[in-house]
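Results of the structural survey
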Amino acid sequence: MSDVAGGVVVQAYRFALDPTPAQDRDLHRHAGAARFAFNWALAAVCANLGQRAAERTYGLDGPQLTPALGWTLPALRRAWNAAKPQAAPWWAQCSKEAYNTGLDGLARALGNWSASRTGRRAGPRVGFPRFKSRRRAMPSVRFTTGTIRVEDTRHHVTLPRLGRIRTHESTRKLARRLHAGTARILSATVRHTGGRWHVSFTVEVTRTTHTPTYPQATVGVDLGITRLAVLSTGQVVPNPRHLTHAQARLRSAARTLSRRQGPDRRTGTRPSRRWQQAKTRLAKAHARVTNLRTDGLHKLTTSLAATYGTIVVEDLNVAGMLANRRLARHIADAGWATLRRHLDYKTTWHGGRLIVADRWFASSKTCSSCSAVRPKLALQERTYTCQHCGLCLDRDLNAAINLRQYVARSGRETQNGRGADHKTTLVVAGGCETTTPHHHPGGQDGDRRPATADCNTSAHKRTLNCNGHIRTSGRQRRNGA
């Protein structure tokens, strides 16, 4: 995505396909060719690594070893072109893009594994690539060259070697841009998900500059499970709970699939036709949940980005929350990470900005009226009651208002970037002002040192920990502080 409102951005347009039985077989053939090329190249890389490791045990080293097989896409493509007459005599039946899809996937997988192993890639550790199974791998093929076109009928697309394929839905959104000359197709990826083929066009689009309806307005968005989102304006977005409502349908489809005769590698048993039908039914049930969730999140994020100039959300540790086995399914069903990802680029498209509050900002425990911080706030307490100013407000609405006020409290930080020496002023019990250093929003390894309240009386000297809890020393507790 582009980092500026307007200008050239790269985005995708996805359409469902209605191929004929012959085209369906061709699509599966191309996807199978991509999988075959991936497995062949992976086997060649493993054999090369094993040969070089065995030669080292014989005392060989340096130029005496078998030449290493390159892991880049050009090197794998040269090796495939040299071996394909013997490895795949039928290679001419499919487009060269099918084999390039598998080789490119392996080159990326090996690069990610190498970067993760040497520490050049952040995030969870990436394992060594594994062979793709015919039953478990998602059929997919990517076209980057050849005839890739959206027909003027707006109900057909043309792909290399596959010809003209009818689409299940209208392609007018992309066709209008192509006809106006504001879009250019870079590639097309065909994938089989949810019992249906879909084509995704990667398009370079020239977008016009937009302005939100209220460019000077700031809104805080508090995400939750009981209610998907609560805005600082008081608007409540209910949580549709698509996965929960589909549990009965999913459970029934899974039970039906378990009773059918499926594939067995040990005995070589092939799946029955009824097993294939049951598997498609289960896949469609899951796809329906995904589509409903995606549609709702797109509508919500588009509305927010087109209305408000500044949107403030929390930096939630979703991965850590998923460790809670009681709430993991509901958290995953809400799609918080997808909502934030949508807001990230949609605010840019509409000329607004997205501000992510610090992960240690106690939005739920802080009073939106006097900024006093409660030591504890149980999850079952849905109403926030301030013990100092007497404010009684819905818990989520109070958090959303605090997120909106976060911009004013750390305005210099949001404009000039997060600095290590920047501090935000909060008001705690007794009317004392406390300066607390901001922590890095990326994780829990930042500076956790609490700040001491600036007050002349020793009875009011307190500290705030990273969660916003007020902590007192042993002497202060003995004195009744």
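Residues numbered from 1 in each chain as written. Predicted model: local features only at pLDDT ≥ 70, side-chain atom pairs only at ≥ 80, totals over all residues. Heavy atoms only, no water.

If you walk across this open sheet you meet the five strands as S10-S9-S8-S11-S12, and the pairing is mixed. Of all the strands in the sheet, the pair left with one neighbour each is strand S10 (236–238) and strand S12 (353–357). Sheet twist, expressed as the average angle between the axes of neighbouring strands with direction ignored, equals 25°. Sitting on the sheet, helix H7 (residues 273–307) touches strand S8 (214–223), strand S9 (227–231), S10 and strand S11 (308–314), and the angle it makes with S11 is about 130°. Running at roughly 135° to S8, helix H11 (residues 395–409) makes contact with S8, S9, S11 and S12 of the sheet. (Pairing = 2+ DSSP bridges. Helix = DSSP H or I, 4+ residues; strand = E, 2+ residues; numbered from the N terminus. Axes fitted to C-alpha atoms, helices over the stretch in contact; angles between N-to-C directions. Contact = heavy atoms within 4.5 Å.)

Time to look at the packing of helix H1 (residues 21–57) against helix H2 (residues 73–87). Their axes nearest at 11 Å, the elements H1 and H2 cross at an angle of 105°. As summarised for this structure, H1 and H2 are arranged roughly perpendicular, according to the angle between their axes. Along the contact surface, H1 presents Phe36, Trp40, Ala41 and Val45, while H2 presents Leu76, Ala79, Trp80, Ala83 and Ala87. Class assignment for the residues of the contact of H1 with H2 results in nine nonpolar, no polar and no charged. (Parallel < 35°, antiparallel > 145°, perpendicular 65-115°, else oblique. Nonpolar A, V, L, I, M, F, W, Y, C, P; charged D, E, K, R; others polar.)

Before going further, it helps to spend a moment on the packing of H1 against helix H3 (residues 96–118). Here H1 crosses H3 at 45°, and the two axes come no closer than 7 Å. Between H1 and H3, the interaxial angle falls into the category oblique. The two elements H1 and H3 cross, and the hand of that crossing is right-handed. Listed contacts from H3 to His30, Ala33, Ala34, Ala37, Phe38, Ala41, Leu42 and Val45 of H1 are Ala98, Tyr99, Thr101, Gly102, Leu103, Gly105, Leu106 and Leu110. (Left-handed = near helix turned anticlockwise from the far one by under 90°.)

Tallied over the full model, the rule gives 14 salt bridges. Of the charged contacts, one joins arginine 149 and glutamate 151 as a salt bridge, the two residues approaching to 3.1 Å between their closest N and O atoms. Arginine 149 gets classed as partly exposed once you look at its relative accessible area, which sits at 40%. Bridged by salt links that share partners, the residues Arg227, Arg382, Asp394 and Asp396 form one connected network. (Salt bridge = Lys/Arg side-chain N within 4 Å of Asp/Glu carboxyl O. Buried < 20%, exposed > 50% of the residue type's maximum accessible area, 1.4 Å probe, protein only.)

The next point concerns the packing of aromatic side chains. The final tally for this structure, using the stated rule, is 10 aromatic pairs. Three or more aromatic residues joined by ring pairs form one cluster here, namely Phe36, Trp40, Trp80, Trp90 and Tyr99. The ring of phenylalanine 38 has lysine 132 sitting right over it, with the charged end atom 4.6 Å from the ring centre. Stacked on the ring of tyrosine 384, the Lys or Arg arginine 374 has its end atom at 5.7 Å from the ring centre. (Phe/Tyr/Trp six-rings, centres within 6.5 Å; stacked < 30°, edge-to-face > 60°. Lys NZ or Arg CZ within 6 Å of the ring centre and 35° of its normal.)

Look at H2: only 18 Å from first C-alpha to last across 15 residues, short of the 21 Å you get at 1.5 Å a residue. At asparagine 81, H2 shows its maximal bend, which comes to roughly 35°, and the proline proline 85 appears one to four places after that position. For H2, every residue scored as buried is listed here: Leu73, Ala75, Leu76, Trp80 and Lys84. Contact partners of the buried residues in H2: H1 and H3. (Expected span 1.5 Å × (residues − 1). Bend = angle between axes of the 7 residues up to and from the residue.)

Turning our attention to the environment of glutamine 64. Position of glutamine 64 among the secondary structure elements: in the loop between H1 and H2. Taking the relative accessible area as the measure of exposure, glutamine 64 reaches 51% and is therefore exposed. With 12 residues separating them along the chain, glutamine 64 and arginine 52 place their C-alpha atoms 9.7 Å apart. Not counting residues within four places of it along the chain, the set of residues in contact with glutamine 64 comprises Glu55 and Gly59.

As a further point, take unusual backbone geometry. In most cases, non-glycine residues show a negative phi, while peptide bonds are predominantly trans. Despite not being glycine, arginine 154 has its phi angle at roughly 65°, a positive value. For arginine 241, which is not glycine, the phi torsion reads 50° and is therefore positive. Here arginine 241 lies in the loop between S10 and helix H5 (242–245).

A separate point is the confidence of the model for the chain. The predicted coordinates ought not to be read in detail in places where the model reports low pLDDT. Chain-level pLDDT for the chain is 83 on average; 84% of the residues reach the 70-or-more range. Segment residues 412–481 is flagged for pLDDT under 50; beyond a separation of four residues in sequence, or across chains, it makes 117 contacts in the model. (pLDDT = per-residue confidence, 0-100.)

What follows covers the nonpolar core. One broad trend across soluble globular proteins is that nonpolar side chains are buried collectively. Counting residues in hydrophobic clusters, the biggest one holds 44 residues, and the most contacted among them are Leu159, Val190, Phe201 and Val203. In terms of residues, this core owes the most to one element, H1, which gives eight residues. Excluding its chain neighbours within four sequence positions, the residues that come into contact with leucine 159 are Phe143, Thr147, Ile148, Ile165, Ala188 and Val190. In terms of nonpolar packing, the next biggest core, distinct from the first, is built from 20 residues, Leu223, Leu231, Ile331 and Leu339 among them. (Core = buried A, V, L, I, M, F, W, Y, C linked by side-chain atoms within 4.5 Å.)

All right, on to the layout of surface pockets then. One number sums up the size of the second largest pocket: a volume of about 1100 Å³. Looking at the second largest pocket, it is lined by 33 residues, and the ones nearest its centre are Leu316, Met321, Ser364, Leu379 and Arg395. Elements represented by at least two residues in the lining of the second largest pocket include exactly S8, helix H8 (318–321) and H11. (1 Å grid on protein atoms, 1.4 Å probe; cavity = no way out; pocket = protein on both sides within 12 Å on 5 of 7 lines; lining within 4 Å. Points joined across faces, edges and corners; volume = space filled by probe spheres on them.)

This part covers a positive patch on the surface. On the surface, a cluster of positive charge is contributed by Arg130, Arg134, Arg135, Arg136, Arg265, Arg270 and Lys279. Among the secondary structure elements, arginine 135 is positioned in the loop between H3 and strand S2 (140–143). On the accessibility criterion, arginine 135 (32% relative accessible area) is partly exposed. (Patch = residues over 30% accessible without salt bridge, like charges linked within 9 Å, V, L, I, M, F, W, Y side chains within 5 Å. Areas by Shrake-Rupley, 256 points an atom, 1.4 Å probe, with all protein chains shown as cover. Lys, Arg positive; Asp, Glu negative; His and termini not counted. Charge placed at Lys NZ, Arg CZ, Asp CG, Glu CD.)

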